[in-house]
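Survey of secondary and tertiary structure
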Amino acid sequence: MSVMTGLRLLPWTDPEGKPCYLASDDGNSPLSRRADAIEAVQMSMGTELLRHARALLDAPKADRRELRYLADRLCEALRDVLRVAESRGARLPSYGEGDDPDEGS
């Protein structure tokens, strides 16, 4: 069962850089599935970038230009992953005082 707690922050922005949101009770709508797919790609790209970063940082001959490019890409990946985390966190059910999500299981 999917829990709808309000608007879903989408993993992209509008042309002006403003956040985009989806209002839907259907977590399986075409737009929700598209957002899920893009989030999966962003997470995968972040993982690969991190792997590449470790190798480049371990290379004694990495030059300033390469490291700066790496830092820019890492910032982009971190921005994307934080956006995914914010979106997913906002969709988690909230529990009131005394509520126990494991109660009764």
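Above this text you will find the structure in question.
Quick look at the structure, then. (Residues numbered from 1 in each chain as written. Predicted model: local features only at pLDDT ≥ 70, side-chain atom pairs only at ≥ 80, totals over all residues. Heavy atoms only, no water.)

Both the distance between ring centres and the angle between the ring planes are used here to describe each pair of aromatic rings. This model, assessed by the stated rule, comprises zero aromatic pairs. Sitting above the plane of the Tyr69 ring, Arg73 keeps its charged end 4.5 Å from the centroid. (Phe/Tyr/Trp six-rings, centres within 6.5 Å; stacked < 30°, edge-to-face > 60°. Lys NZ or Arg CZ within 6 Å of the ring centre and 35° of its normal.)

On to the pattern of salt bridges, then. Taken as a whole and assessed by the stated rule, the structure comprises nine salt bridges. Glu48 is paired through a salt bridge with Arg51; the nearest N and O atoms lie 2.4 Å apart. Of this pair, Glu48 and Arg51 both sit in helix 1 (residues 30-58), three residues apart, which is roughly one turn of that helix. Relative accessible area serves as the criterion here: at 45%, Glu48 is assigned to the partly exposed category. Across the salt bridge formed by Glu76 and Arg73, the nearest N and O atoms sit 2.8 Å from each other. Of the two residues, Glu76 and Arg73 are both situated in helix 2 (residues 64-90); the distance of three residues between them amounts to about one turn of the helix. (Salt bridge = Lys/Arg side-chain N within 4 Å of Asp/Glu carboxyl O. Helix = DSSP H or I, 4+ residues; strand = E, 2+ residues; numbered from the N terminus. Buried < 20%, exposed > 50% of the residue type's maximum accessible area, 1.4 Å probe, protein only.)

A few words on helix 2. The end-to-end C-alpha distance of helix 2 is 39 Å, a good match for the 39 Å that 27 residues give at a rise of 1.5 Å each. Turning to helix 2, its buried residues are Leu70, Ala77, Asp80, Arg83, Val84 and Ser87. The secondary structure elements touched by the buried residues of helix 2 are strand 1 (8-13), strand 2 (19-22) and helix 1. Where helix 2 begins, one side-chain oxygen reaches toward the backbone nitrogen of Arg65, 3.1 Å away; that side chain belongs to Asp63. (Expected span 1.5 Å × (residues − 1). Contact = heavy atoms within 4.5 Å. Polar contact = N/O pair within 3.5 Å; in protein donor to acceptor, adjacent residues only side chain to side chain.)

Before going further, it helps to examine the side chain of Arg83. Examined against the element boundaries, Arg83 turns out to sit in helix 2. The buried charged residue Arg83 lacks any salt bridge, with Glu86 as its nearest oppositely charged partner at 5.9 Å. A distance of 2.8 Å separates a polar atom in the side chain of Arg83 from the backbone oxygen of Leu10. Other than its neighbours up to four places away in sequence, Arg83 contacts Leu9, Leu10, Pro11, Trp12, Thr13, Pro19 and Cys20. (Lys, Arg positive; Asp, Glu negative; His and termini not counted.)

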